[in-house]
Amino acid sequence: MERNEAKGILEAVLFTMGESVEIERLALVIEEEKETTYEILLEMKAEYEANNRGIALLELEDSFQMCTRGDMYEHLIKIAKTPRKYVLTETLLETLSIIAYKQPITRLEIEKIRGVSCDHAVNRLLEFELISELGRLDAPGRPLLFGTTEEFLRCFGVKSLADLPQMNPVQIEEFKLQAENEVMLQLDV
């Protein structure tokens, strides 16, 4: 298959799907090796960027998604309804970061780290599709396990969880001390 024809097929598939598609599946569609398909997708991504196109290819873990270029938002808003905006409070961000770094994780484990109930935060993060249920822990009661989604990666501009910033040991110790102090304050009340 000619490379331009393969690009056309990939573009059509990604446009139609509207969500991320695994490179392996795209390779099957154009009948190429996974590595060759990945190279073609990277070429397409570079071409879109070089030609200042209104669309972009977003690479997420082992998949690609066609999306609107981020700086086109102000133009889209003129014609489209205002997209759903959600506000991530400090509590939601704290819960989300615990899930991102410790996944898969149960509600009880999140609550042990936070020291307070996390039902509301987990429900809101599920509603915003930043986390999802990954299954159940093989333990008494079979509690749900939570992890982040591709939407989380998109919102925070990271390709994969490996790209999340690493916490330095000094920060970790400071967080532990803060948590211990909060527990002591609660016990004094």
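Residues numbered from 1 in each chain as written. Predicted model: local features only at pLDDT ≥ 70, side-chain atom pairs only at ≥ 80, totals over all residues. Heavy atoms only, no water.

Below, the discussion takes up the side chain of Arg69. Its place among the elements puts Arg69 in the loop between strand E3 (63-68) and helix H4 (73-79). On the basis of relative accessible area, Arg69 is assigned to the buried category, the value being 17%. Within the local environment of Arg69, its side chain forms a polar contact with the side chain of Asp71, the two groups lying 2.7 Å apart. Leaving out residues up to four positions away in the same chain, Arg69 has contacts with Asn52, Arg53, Gly54, Ile55 and Ala56. (Helix = DSSP H or I, 4+ residues; strand = E, 2+ residues; numbered from the N terminus. Buried < 20%, exposed > 50% of the residue type's maximum accessible area, 1.4 Å probe, protein only. Polar contact = N/O pair within 3.5 Å; in protein donor to acceptor, adjacent residues only side chain to side chain. Contact = heavy atoms within 4.5 Å.)

Closest axis-to-axis distance for the helix H1 (residues 3-17)/helix H3 (residues 34-50) pair is 10 Å, and the angle between their directions is 80 degrees. Classified by the angle between their axes, H1 and H3 sit roughly perpendicular to one another. Counted together, Arg3, Ala6, Lys7, Leu10, Glu11 and Leu14 of H1 and Thr36, Thr37, Glu39, Ile40, Leu41, Glu43, Met44, Glu47 and Tyr48 of H3 form the full contact between these two elements. By residue class, the composition of the contact of H1 with H3 is seven nonpolar, two polar and six charged. (Axes fitted to C-alpha atoms, helices over the stretch in contact; angles between N-to-C directions. Parallel < 35°, antiparallel > 145°, perpendicular 65-115°, else oblique. Nonpolar A, V, L, I, M, F, W, Y, C, P; charged D, E, K, R; others polar.)

Quick reminder: α-helices carry 3.6 residues per turn. Residues three or four places apart thus point the same way. Taking 1.5 Å per residue, 17 residues should reach 24 Å; H3 reaches 24 Å between its end C-alpha atoms and fits that length. Taken together, the buried positions of H3 are Thr37, Ile40, Leu41, Met44 and Tyr48. Considered in projection along H3, the buried side chains sweep an arc of 100 degrees and stay on one side of the axis. Exposed residues pointing more than 90 degrees away from the buried face of H3 are listed as Glu35, Glu49 and Ala50. Lining the buried residues of H3 we find H1, helix H2 (23-30), strand E2 (55-60) and E3. Just past H3, the residue Asn52 takes up positive phi, approximately 55 degrees. (Expected span 1.5 Å × (residues − 1). Arc of directions from axis to C-beta.)

Any link to function would need more than the numbers given here.
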